[in-house]
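# A look at the structure
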Amino acid sequence: SQQGEEDPQALSIQEGENATMNCSYKTSINNLQWYRQNSGRGLVHLILIRSNEREKHSGRLRVTLDTSKKSSSLLITASRAADTASYFCATDDDSGAGSYQLTFGKGTKLSVIP
Amino acid sequence: EAGVAQSPRYKIIEKRQSVAFWCNPISGHATLYWYQQILGQGPKLLIQFQNNGVVDDSQLPKDRFSAERLKGVDSTLKIQPAKLEDSAVYLCASSLESASFAAQHFGDGTRLSIL
């Protein structure tokens, strides 16, 4: 079952603007990860935030986590055309025997217009 | 470091035929994953290996799908016989360890079309 659900499904912005994507999930987690997927390519790991963290930064990326609301957001500042991609949140799910399966949402498709 | 290698990149077969995909993970990565990504959705885990042992195959349709990771390095995923609903991108990923905080490194996938 897919735990993380991203919102919006699609987002179109002008280059230089900020892009915010949200992720909601249903059960308690240990960690939440964000990935990017360019068209026709595999996923690339962007950032991980642990359940005891509220905010994390990496370059132009800012991730927040609100465990009480079971939600996370990914902010990309000063967007570039190269940021055009689909963005997925992934939550861990202890499915037993220590496998810690990652469950991905359906993603947000971001288009950055030059 | 070299990334996760997958082949072939594209495959077109007719339903009821068989197909196999190959994956070579990043050197030294003990954990290997196979995902199925249907158009417009996120990846769904099919099977997870730790070295050459299966850790989780709860979502693998075992009546038609099989996977192996001999010698704990390369892996193959097979579908026999294929159904129309198997049309998807099959992604292989690897990580240093089997932990919820481990970043997964993905290959570019095999796009499978079933006619």
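Parameters and conventions
- Residues numbered from 1 in each chain as written.
- Chains lettered and ligands numbered in written order.
- Predicted model: local features only at pLDDT ≥ 70, side-chain atom pairs only at ≥ 80, totals over all residues.
- Heavy atoms only, no water.
- Helix = DSSP H or I, 4+ residues; strand = E, 2+ residues; numbered from the N terminus.
- Rg over C-alpha atoms; globule rule 2.2 N^0.38 Å.
- Areas by Shrake-Rupley, 256 points an atom, 1.4 Å probe, with all protein chains shown as cover.
- Lys, Arg positive; Asp, Glu negative; His and termini not counted.
- Charge placed at Lys NZ, Arg CZ, Asp CG, Glu CD.
- Contact = heavy atoms within 4.5 Å.
- Buried area = accessible area lost by both parts, 1.4 Å probe.
- Salt bridge = Lys/Arg side-chain N within 4 Å of Asp/Glu carboxyl O.
- Nonpolar A, V, L, I, M, F, W, Y, C, P; charged D, E, K, R; others polar.
- Polar contact = N/O pair within 3.5 Å; in protein donor to acceptor, adjacent residues only side chain to side chain.
- Phe/Tyr/Trp six-rings, centres within 6.5 Å; stacked < 30°, edge-to-face > 60°.
- Buried < 20%, exposed > 50% of the residue type's maximum accessible area, 1.4 Å probe, protein only.
- Pairing = 2+ DSSP bridges.
- Axes fitted to C-alpha atoms, helices over the stretch in contact; angles between N-to-C directions.
- Disulfide = S-S within 2.5 Å.

A count of helices and strands for chain B gives 0 helices and 11 strands. Across chain B, helices and strands are ordered from the amino to the carboxyl terminus as β-β-β-β-β-β-β-β-β-β-β. Taking 115 residues into account, the globule formula puts the C-alpha radius of gyration at 13 Å, and chain B, at 13 Å, falls close to it. For chain B, the spread of C-alpha atoms along the principal axes amounts to about 35 × 25 × 25 Å. Working note: accessible area of chain B is about 5,500 Å², and carbon and sulfur atoms make up 51% of it. Positive and negative charge centroids in chain B, built from 12 and 11 side chains respectively, lie 7 Å apart.

Attention now moves to the interface of chain B and chain A. If you look at the interface, chain B gives 24 residues, while chain A gives 26 residues. Three residues, B:Ser100, B:Phe106 and B:Asp108, lead the burial of chain B against chain A; their summed loss comes to 27% of the area buried on that side. Run the count over chain B and chain A and you get 1 salt bridge. B:Asp108 is the salt-bridge partner of A:Arg41, the closest N and O atoms lying 2.9 Å from each other. Of all the secondary-structure elements, those providing two or more residues to the side of chain B that touches chain A are strand E4 (31-37), strand E5 (44-50) and strand E6 (53-56) of chain B. Taken together, the residues of the side of chain B that touches chain A break down into 10 nonpolar, 11 polar and 3 charged.

Time to look at the side chain of B:Thr110. Its place among the elements puts B:Thr110 in strand E11 (residues 110-114). In this structure the side chain of B:Thr110 is engaged in a polar contact, spanning 2.5 Å, whose partner is the backbone oxygen of B:Pro8.

This brings us to the packing of aromatic side chains. According to the stated counting rule, one finds 8 aromatic pairs over all chains in the structure shown. Measuring from centroid to centroid gives 5.8 Å for A:Tyr35 and B:Phe106, while their planes differ by 80°, and the two rings are edge-to-face. Taken as a pair, A:Tyr35 in strand E4 (residues 31-37) and B:Phe106 in strand E10 (residues 105-106) lie in two separate chains rather than in one. Each member of the pair, A:Tyr35 as well as B:Phe106, carries the same accessibility label: buried.

All names here are of chain A. Pairing is antiparallel across the open sheet formed by 5 strands, whose spatial order is E1-E3-E8-E7-E6. In this open sheet, the two strands that pair with only one neighbour each are strand E1 (5-7) and strand E6 (55-58). Neighbouring strand axes in the sheet, compared pairwise and without regard to direction, differ in orientation by 20° on average. Looking at chain direction, strand E3 (residues 19-24) and strand E8 (residues 71-76) are connected through 6 bridges and run antiparallel. Following the sheet pairing, Ala 19 is matched in E8 by Ile 76.

A separate point is the sheet that holds strand E7 (residues 65-68) of chain B. Residue and element names in this part refer to chain B. Within the open sheet, the 4 strands sit side by side as E1-E3-E8-E7. Their pairing is antiparallel. At either end of the open sheet lies a strand with only one pairing partner, and these are strand E1 (5-7) and E7. Sheet twist, expressed as the mean angle between neighbouring strand axes with direction ignored, is 15°. As paired elements, E7 and strand E8 (residues 75-79) share 4 bridges and run antiparallel to each other. Looking at the pairing, Ser 66 lines up with Lys 78 of E8.

Summarising the element assignment, B:Gln104 is placed in the loop between strand E9 (88-95) and E10. Classification of B:Gln104 by relative accessible area gives buried; the value is 3%. At 2.7 Å, the side chain of B:Gln104 and the side chain of B:Tyr35 are in polar contact. Apart from residues no more than four positions distant in its own chain, B:Gln104 is found in contact with A:Tyr35, A:His45, A:Leu102, B:Tyr33, B:Tyr35, B:Ala93, B:Ser94 and B:Ser95.

All right, on to the state of the cysteines then. All names here are of chain A. Within the structure shown, the criterion is met by 2 disulfides over all chains. Paired through a disulfide, Cys 23 and Cys 89 show a sulfur-sulfur distance of 2.0 Å. The S-S bond linking Cys 23 to Cys 89 shows a torsion near 65°; that makes this disulfide right-handed. With a gap of 66 residues between them, Cys 23 in strand E3 and Cys 89 in strand E9 (residues 85-93) connect regions that are remote in the sequence. Residue classification places Cys 23 among the buried positions, given a relative accessible area of 2%.

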